[in-house]
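For reference, the chains in residue letters:
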Amino acid sequence: MVVTDADGKPAFNWELLREVTWLSTRFLDNVITQSAFREETPELRQAAENCRRIGLGVMGMSDMLFKCGIPYNSRLGREFSAQVFEFVAYHSFKASVQL
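Residues numbered from 1 in each chain as written. Predicted model: local features only at pLDDT ≥ 70, side-chain atom pairs only at ≥ 80, totals over all residues. Heavy atoms only, no water.

Engineer: I tried to follow the overall build of the protein chain on my own but got confused; where do I start?
Structural biologist: A count of helical and extended segments in the protein chain gives 5 helices and 2 strands. For 99 residues, the compact-globule estimate of 2.2 N^0.38 gives 13 Å, and the protein chain exceeds it by more than 25% at 17 Å. In the protein chain, which comprises 99 residues, the share counted as buried stands at 23%. Taking contacts inside the protein chain between residues at least 6 apart in sequence as the whole, the part at least 24 apart equals 53%. Roughly 7,200 Å² of accessible area belongs to the protein chain as shown, and the carbon and sulfur atoms make up 56% of that amount. Each charge class in the protein chain can be summarised by its mean position, and for the 11 positive and 12 negative side chains these summaries are 3 Å apart. (Helix = DSSP H or I, 4+ residues; strand = E, 2+ residues; numbered from the N terminus. Rg over C-alpha atoms; globule rule 2.2 N^0.38 Å. Buried < 20%, exposed > 50% of the residue type's maximum accessible area, 1.4 Å probe, protein only. Contact = heavy atoms within 4.5 Å. Areas by Shrake-Rupley, 256 points an atom, 1.4 Å probe, with all protein chains shown as cover. Lys, Arg positive; Asp, Glu negative; His and termini not counted. Charge placed at Lys NZ, Arg CZ, Asp CG, Glu CD.)

Engineer: Hey, could you run me through the packing of aromatic side chains in this one?
Structural biologist: The full count for this structure, using the stated rule, is 4 aromatic pairs. For the pair Trp-14 and Phe-80, a centre-to-centre distance of 5.7 Å together with 65° between the ring planes defines the contact as edge-to-face. Within this pair, whereas Trp-14 is found in helix 1 (residues 14-34), its partner Phe-80 is found in helix 5 (residues 75-98), the two being separated by 66 residues in sequence. Exposure remark for Trp-14: the relative accessible area of 30% places this residue in the partly exposed category. For Phe-80, a relative accessible area of 12% corresponds to the buried category. The structure contains a cluster of three or more aromatic residues connected by ring pairs, namely Phe-12, Trp-14, Phe-80 and Phe-87. (Phe/Tyr/Trp six-rings, centres within 6.5 Å; stacked < 30°, edge-to-face > 60°.)

Engineer: When you look at the pattern of salt bridges in this model, what are you seeing that I'm missing?
Structural biologist: Oppositely charged side chains can pair when the atoms bearing their charge come close. By the definition in use, this model includes 2 salt bridges. The partner of Glu-79 in a salt bridge is Arg-75, and the shortest N-O contact between them spans 2.8 Å. A residue pair is termed a helical-turn pair when its members lie 3 or 4 positions apart in one helix, as Glu-79 and Arg-75 do in helix 5 at 4 residues. Given the relative accessible area of 62%, Arg-75 is considered exposed. (Salt bridge = Lys/Arg side-chain N within 4 Å of Asp/Glu carboxyl O.)

Engineer: Hey, could you run me through the packing of helix 4 (residues 61-68) against helix 5 in this one?
Structural biologist: The angle between the axes and the distance between the axes are what describe a pair of packed helices. The interhelical angle for the contact between helix 4 and helix 5, taken along N-to-C directions, is 120°, at an axis separation of 11 Å. When the axis of helix 4 is compared with that of helix 5, the two are oblique. The way helix 4 lies across helix 5 gives a crossing that is right-handed. Residue-level inspection shows Met-61, Met-64 and Leu-65 of helix 4 in contact with helix 5, the latter providing Gly-77, Phe-80, Ser-81, Val-84 and Phe-85. Of the residues that constitute the contact of helix 4 with helix 5, the class distribution is 6 nonpolar, 2 polar and no charged. (Axes fitted to C-alpha atoms, helices over the stretch in contact; angles between N-to-C directions. Parallel < 35°, antiparallel > 145°, perpendicular 65-115°, else oblique. Left-handed = near helix turned anticlockwise from the far one by under 90°. Nonpolar A, V, L, I, M, F, W, Y, C, P; charged D, E, K, R; others polar.)

Engineer: Would you take a moment to explain helix 5 for this structure?
Structural biologist: Given 3.6 residues to a turn, an α-helix orients residues that are three or four positions apart in the same direction. With 24 residues, helix 5 extends 35 Å from end C-alpha to end C-alpha; this agrees with the ideal 34 Å at 1.5 Å per step. Considered for burial, the residues of helix 5 that qualify are Gly-77, Phe-80, Ser-81, Val-84, Phe-87, Val-88, His-91, Ser-92 and Ala-95. At its buried positions, helix 5 is contacted by strand 2 (10-12), helix 1 and helix 4. (Expected span 1.5 Å × (residues − 1).)

Below you can see the structure in the form of structure tokens.
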């Protein structure tokens, strides 16, 4: 998600994160549809179909902050991490609505 801008400085690629979030949401939604328990346990199948909860998360946050030159335990690091998580949640919910 970290790219180099025109000045050679690290920059965060929000568009790439949006694309990856959408694809990940689609993939995890497909996992629910194809899960093996669906045929064996009708109650679990119905619960999964009704809620369609997915476990979407973020990996490599500390690496990304390091590449951007943001200390992990700083106020800026916490604020930027919160922005990333909010962005992922928003675009995941948006993708879920489209599915």
